[in-house]
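# Secondary and tertiary structure notes
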Amino acid sequence: MATSVEEHAALVASLVEPRLAQIEPETVPLLQALGRVLSSDVLSPVDLPLFRNSQMDGFAVRATDATPTTTLPVEGVIAAAVGSPPALAPRTALRIMTGAPVPDGADTIIPVEDTTVDGDSVVIHRGRAAGEFVRERGSDIRAGELLLTAGTMLASRHLAALAAAGITRVSVLGRPTVAIVTTGAELLDPGAEPQPGQVFDSNSVALVAAVTAAGGEVTLVRRVVDDPAQLLAVLDEATGADVIVTSGGISHGDFEVVRELLEPRGARVGHVAMQPGGPQATAVFEGVPVISFPGNPVSTQVSFEVFLAPLLRAAAGLPAADRRPRRLAGPVRSVAGKRQFLRGRGVGADGVEIVAGPGSHLVAGLAASDLLVIVPEDVTELAGGETVETWAL
Ligand SMILES: Nc1nc2c(c(=O)[nH]1)N[C@H]1C(S)=C(S)[C@@H](COP(=O)(O)OP(=O)(O)OC[C@H]3O[C@@H](n4cnc5c(N)ncnc54)[C@H](O)[C@@H]3O)O[C@H]1N2
Ligand code: MOO
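To start, this report covers the structure provided alongside it. Please read all numbers here as calculations on a predicted model, not as lab measurements. (Residues numbered from 1 in each chain as written. Chains lettered and ligands numbered in written order. Predicted model: local features only at pLDDT ≥ 70, side-chain atom pairs only at ≥ 80, totals over all residues. Heavy atoms only, no water.)

With that settled, consider the site of ligand 1. Lining the immediate surroundings of ligand 1 are 23 residues, of which Glu186, Asp201, Ile250, Ser251 and Gly295 lie closest. With respect to ligand 1, the side chain of Glu256 contributes an N or O atom lying 3.0 Å from an oxygen atom. For ligand 1, the protein covers 68% of the area, taking 870 Å² as the surface of the free molecule. Mapped by element, the contributors of at least two residues to the shell around ligand 1 are strand S13 (177–183), strand S15 (199–200), helix H3 (202–213) and helix H6 (297–316). By residue class, the composition of the shell around ligand 1 is seven nonpolar, 13 polar and three charged. (Near = heavy atom within 4 Å. Polar contact = N/O pair within 3.5 Å; in protein donor to acceptor, adjacent residues only side chain to side chain. Areas by Shrake-Rupley, 256 points an atom, 1.4 Å probe, with all protein chains shown as cover. Helix = DSSP H or I, 4+ residues; strand = E, 2+ residues; numbered from the N terminus. Nonpolar A, V, L, I, M, F, W, Y, C, P; charged D, E, K, R; others polar.)

Here it is in structure tokens:
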């Protein structure tokens with residue numbers, strides 16, 4: 001008897017979640033934090049701007065001194081560079097560059113475009129209100145105020161704000177570590193010349209990429225032929241990970257290496273009422289959960305999306321994938337008793353069209369899709385215009 005998708009998802013969660021709950025935050029240099037999720041609030045250690053500075057290239061003056069068409073003596077130049085400028089004397093100007101400290105005594109900047117330089121003097125053609133073009137210290141954020149909130153997924157703008165505040169390292173949620181093992185005597189590396197009967201190992205690439213996209217860190221990638229002793233050696237190597245994921249070797253053939261090794265050690269190998277992804281297995285090896293997906297490439301990828309991606313995303317603090325109802329562009333048939341995960345593509349704001357057949361070997365069809373279209377177990381036919389649940393890929 002097949003178990004339901006929910007039952008299997010609950011089983012996988014019961015094995016994986018306790019491990020993921022133990023993952024500690026880690027402190028990393030800023031550039032390693034890109035795409036990671038802040039584990040705690042960050043308060044600004046400084047005022048930003050750090051000091052009162054000019055927003056324009058021009059002349060630092062007192063607003064009341066600089067009415068049109070006054071001429072003021074220019075007493076010096078303030079560059080955007082190390083150092084503190086002298087105070088501005090009344091009825092004088094200091095030439096100033098963008099970002100340079102505004103001298104005490106000055107309260108506005110006259111942009112160079114509104115002036116004419118005449119020897120050591122400047123003629124003001126347009127006055128400015130006090131405060132104009134002066135960037136006050138702390139006007140962006142003050143020391144002690146909340147700069148970034150826990151849970152923020154760090155993009156370039158967040159890293160820039162941290163750097164602007166002088167911060168070099170940041171505490172982020174730890175990433176779940178995953179070991180990936182593909183199985184099959186027929187597999188070879190992409191790029192090699194296939195002999196008759198060989199296929200390229202695409203599940204390895206699929207799983208590494210999918211784990212990474214879901215916020216996980218792949219710590220080991222291995223491929224084994226259909227030899228239980230070899231698989232055992234690889235699993236021994238993989239026990240440092242939070243989760244071990246395998247593909248292939250769990251159905252009913254003569255050379256089912258995962259089933260052969262792990263079933264006698266208490267693995268649960270069975271069928272889930274879904275397509276693709278029918279054959280599924282779980283085990284615990286040396287205390288580490290082993291989640292075994294069927295080898296067919298679409299089955300592996302869909303199984304990952306259904307059973308593991310949500311758990312990894314949650315642990316890494318990433319938002320859940322977008323799931324929402326859309327209207328079918330055309331009719332769909334399905335098999336009774338199995339939840340179908342068909343391949344679809346979004347049409348307009350809320351439509352979806354089916355883009356590939358249901359075969360679980362159709363990798364190009366999956367690549368042509370951007371949505372999974374879910375047809376419930378008890379539904380065998382849907383007409384165009386009817387609503388289905390879709391998951392963004
Ligand atoms: N008698 C039955 N046969 C099969 C059943 C069944 O219920 N009864 N279920 C079918 C379904 S559904 C699936 S899915 C597969 C699952 O089989 P396995 O998990 O044992 O996977 P394999 O036999 O190792 O491989 C299946 C298929 O996928 C290709 N494959 C495997 N690994 C990779 C990889 N890393 N990269 C690319 N392609 C891979 C492999 O060459 C096979 O074509 O069982 C059905 N059979
Ligand atoms: O249930 Mo299998 O995963 O369709 O090819």
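So, about unusual backbone geometry. Each neighbour pair has its own omega, and for Leu48 with Pro49 the value is -10 degrees, a cis peptide bond. Secondary-structure assignment places Pro49 in the loop between strand S2 (42–43) and strand S3 (53–54). For the bond from Pro68 to Thr69, the omega torsion is -5 degrees, close enough to zero to count as cis. Here Thr69 shows up in the loop between strand S4 (58–61) and strand S5 (71–78). Positive phi, close to 55 degrees, is recorded for Arg91, a residue that is not glycine. Here Arg91 shows up in the loop between S5 and strand S6 (93–96). Backbone geometry places Phe133, a non-glycine residue, at a positive phi of 65 degrees. Note that Phe133 resides in the loop between strand S9 (121–124) and strand S10 (134–135).

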